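# Residue-level structure breakdown
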Amino acid sequence: MIHMPLSVTKDFQIREDPNHKGRGLFASRVFVKDEAIYPLDYWSKELMPIHVTNHSCNPNAAFNQQGMLIALREIRENEEITYDYLRHPIAASPWDFACECKSAGCIKWIKATKY
Ligand SMILES: [Zn+2]
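Residues numbered from 1 in each chain as written. Predicted model: local features only at pLDDT ≥ 70, side-chain atom pairs only at ≥ 80, totals over all residues. Heavy atoms only, no water.

When you go through the protein residue by residue, the secondary structure sums to 0 helices and 10 strands. Taken from N to C terminus, the helices and strands of the protein fall in the order β-β-β-β-β-β-β-β-β-β. A compact globule built from 115 residues would reach a C-alpha radius of gyration of about 13 Å, and the protein, at 13 Å, matches this within 12%. Dimensions along the principal axes, computed over C-alpha positions, put the protein at roughly 35 × 35 × 30 Å. Sequence-distant contacts in the protein: of pairs separated by 6 or more residues, those separated by 24 or more amount to 52%. Where the 14 positive side-chain charges of the protein centre and where its 14 negative ones centre are 3 Å apart. (Helix = DSSP H or I, 4+ residues; strand = E, 2+ residues; numbered from the N terminus. Rg over C-alpha atoms; globule rule 2.2 N^0.38 Å. Contact = heavy atoms within 4.5 Å. Lys, Arg positive; Asp, Glu negative; His and termini not counted. Charge placed at Lys NZ, Arg CZ, Asp CG, Glu CD.)

Below, the discussion takes up the coordination of the zinc ion. Bound to the zinc ion are the protein donor atoms C57 (SG), C99 (SG), C101 (SG) and C106 (SG), situated 2.3 to 2.4 Å from the metal. For the zinc ion, all donor residues lie on one chain, and their spacing in sequence is C-x41-C-x1-C-x4-C. In this pair, C57 sits in the loop between strand 5 (54-55) and strand 6 (61-63) while C101 sits in the loop between strand 9 (95-98) and strand 10 (109-112), placing the two residues 44 residues apart along the sequence. For C101, a relative accessible area of 18% gives the class buried. (Donors = N, O, S within 2.8 Å, 3.2 Å for Na, K, Ca; no water. Buried < 20%, exposed > 50% of the residue type's maximum accessible area, 1.4 Å probe, protein only.)

Another aspect to go through is the side chain of E79. Assignment of secondary structure puts E79 in the loop between strand 7 (68-71) and strand 8 (82-83). The buried category is assigned to E79, whose relative accessible area is 11%.

Following this line, the structure appears as structure tokens:
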């Protein structure tokens, strides 16, 4: 079931995730491995890409030391963009929730405190 995107840019779409996870960030186009996706910015607008980027225990993106989200592998158009919250806690933490990423190495519960 395809939900109407809440927000669309040439790079991303914010959609309601059909798997009960709430909102998610989905790629509007292909991102190649090592490509920059978006810079860490939790504060400048009410709805930023990071607000809706879900955690995965087997993510397709990660923040680098400069605070840029980088594709860990090729991300297909319409694929959900995810990163590992436990490797990148941000000032808007804490998190404490059951993980629904369903990846083979899922740790089942995400608990992270602030820096
Ligand atoms: Zn998981």
